[in-house]
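If you want the building blocks of each chain, they are given just below.
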Amino acid sequence: MVTSPRSETSGTVVWTERFLGYTWSPEHPMKPARLQYTMSLAQSLGLLEGVEPLAPDAATPSDLMRVHSGSYIEAVRRAGQGPPTPEDALYGLGTADNPVFPRMHEAASVIVGGTLAAAREIAAGRTRRAVSIGGGMHHAMPNSAAGFCVYNDAAIAISWLLDHGFDRIAYLDVDVHHGDGVQHAFYADPRVLTVSMHQHPATLWPYTGWPEETGVGAAEGTSINLPLLPGTRDVQWLRGFHAVVPGAVAAFRPQIIVSQCGVDTHREDPLADLELTVDGQRAAFLAMRDLADEHAEGRWLAIGGGGYGVVRVVPRAWTHLLAAALDRPLAPETPVPADWIDQVRASAPRVQPPMTMGDGGDTAFRPWDGPGGTPEIGDAGQIRAQRAVDTAITATRRATFGLLGLDPEDPRD
């Protein structure tokens, strides 16, 4: 039974230093320092004043087996104890993306435990919103690691919620890479709506997430994908989001929204080609929070994900995510505290730290007004960019909106 919030906190932050144990190799782009910098920035800004972070337990084997096979879990455990074996490759381990590291199973289990702790706090009615920036490992598959992800914490938490009173869950994924592992887990489950906005699969791994991937059987229409071309900026991205996501969420009527908040969509990210700013990412977080307030009685579980601008991007973006969950908004022009700048200069002297909490990005998007609407918006480049995103919007809406009982051509839906 879904518990209505009663005497709950407005937001819960799940955090433990044990998240930092999810450490690949020195050369690997996913560095745990990004989490440490985020928490220290939030503290320097006074954002966490009076907030007692919730320290999670590690997920148990039975938790992991909601999504993963026993043989895969054992392979992860064995690989983390070394030495490498040829069998590792059968499970996606020991690759450049997913190198084996000591105590890998234990570290990945804590990541899952963080997202489960957030889910349990919301389900128990102790909080309406919960954030675990250590989570978001959306690529992991039942029998293999993939894309820096060992265990799929998002899918495991959604599975747990389905067994604890929730039967309509919306999963919104704004990482630059398609949320393939979560889509795979619920592709035939009509109780879960998965929406992924990502760089076009013709241009970026994992090469999935086409509009035609809509779910199967009774779940047809509950898998929604909006692929965007390289170079997409804030105004086009937000136009796409608001043309697709609110209508789908309203039609689905979720009891809770789970958001994967990867920030590798940023223009400085070294692994992808979208061109969002921190301002645009902040706008996305606020929009997802507002959808939870409007359609899910405020229940919002937010997790991290990708993002490889370790100093300049991730800490600011996810500090805005924490601020959104805690109802302590930070203006993008807020100065970055001097003590935090000193900290990162000491540990990363080659990186120029940011001076404000935003990039001066333009988030004043034009709402989508139907196929072929308002093409004349400025110079030729802007017109081409809007037409590209409008083409993507139309393809996605035509693939799925009819299945949700909506009119794909009507911007009111």
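Note that the structure is predicted; figures quoted are calculated from it, not measured. (Residues numbered from 1 in each chain as written. Predicted model: local features only at pLDDT ≥ 70, side-chain atom pairs only at ≥ 80, totals over all residues. Heavy atoms only, no water.)

A.B. asks: Account for empty space enclosed by the protein, naming residues and giving values.
C.D. replies: Scanning the entire structure with this criterion turns up four cavities of 30 Å³ or more. Approximately 80 Å³ is the volume found for the largest cavity. Every residue lining the largest cavity is listed: Phe19, Tyr22, Met30, Lys31, Pro32, Arg34, Leu35, Ile111, Ile133, Gly134 and Met137. Across the lining of the largest cavity, the residue classes break down as eight nonpolar, one polar and two charged. (1 Å grid on protein atoms, 1.4 Å probe; cavity = no way out; pocket = protein on both sides within 12 Å on 5 of 7 lines; lining within 4 Å. Points joined across faces, edges and corners; volume = space filled by probe spheres on them. Nonpolar A, V, L, I, M, F, W, Y, C, P; charged D, E, K, R; others polar.)

A.B. asks: Describe the UniProt feature "domain: Histone deacetylase" (unreviewed entry) in the protein chain, naming the residues involved and giving the relevant values.
C.D. replies: In the numbering used here, UniProt assigns the "domain: Histone deacetylase" (unreviewed entry) feature to residues 28–324. In residues 28–324, the share of helix is 38% and the share of strand is 11%. The end C-alpha atoms are 30 Å apart. (UniProt positions renumbered as here; feature names shortened; annotations may be inferred. Helix = DSSP H or I, 4+ residues; strand = E, 2+ residues; numbered from the N terminus.)

A.B. asks: Please give an account of the sheet that holds strand 4 (residues 192–199) that cites residues and values.
C.D. replies: Read from one edge to the other, the open sheet built from seven strands follows the order 1-2-7-6-3-4-5, with strand pairing classed as parallel. Looking at strand neighbours, the two that pair on one side only are strand 1 (12–13) and strand 5 (223–228), the edges of this open sheet. Sheet analysis places strand 3 (residues 169–173) next to strand 6 (residues 256–260), joined by five bridges and oriented parallel. Considered in strand 6, the bridge of Leu172 is made with Ser259. (Pairing = 2+ DSSP bridges.)

A.B. asks: Please give an account of the pattern of salt bridges that cites residues and values.
C.D. replies: Scanning the model with the defined rule gives 19 salt bridges in all. The partner of Asp189 in a salt bridge is Arg191, with the nearest N and O atoms 2.9 Å apart. With its nearest N and O atoms 2.8 Å apart, the salt bridge here joins Arg412 to Asp410. One network of salt bridges, in which partners are shared, links Arg128, Arg129, Arg289, Asp290, Asp293 and Asp327. (Salt bridge = Lys/Arg side-chain N within 4 Å of Asp/Glu carboxyl O.)

A.B. asks: Please set out unusual backbone geometry residue by residue, giving values where relevant.
C.D. replies: For the bond running from Gly82 to Pro83, omega is -10 degrees, close enough to zero to count as cis. Turning to its location among the elements, Pro83 is positioned in the loop between helix 3 (70–81) and helix 4 (104–123). The amide bond that connects Trp205 to the next residue, Pro206, takes the cis arrangement and shows omega of 10 degrees. Counting through the fold element by element, Pro206 comes out in the loop between strand 4 and strand 5. Positioned with a positive phi, Arg253 is a non-glycine residue whose angle comes to about 55 degrees. At Asp327, a residue that is not glycine, the phi angle is positive and equals roughly 55 degrees. Note that Asp327 resides in the loop between helix 9 (314–326) and helix 10 (338–347).

A.B. asks: Tell me about the environment of Ala188, residues and numbers included.
C.D. replies: Inspection of the secondary structure puts Ala188 in the loop between helix 6 (180–185) and strand 4. Under the relative-accessibility criterion, Ala188 is labelled exposed at 54%. Spatially, the C-alpha atoms of Ala188 and Val216 are 5.2 Å apart, while their sequence positions differ by 28 residues. The contacts of Ala188, once residues within four sequence positions are left out, are Val216 and Ala219. (Buried < 20%, exposed > 50% of the residue type's maximum accessible area, 1.4 Å probe, protein only. Contact = heavy atoms within 4.5 Å.)

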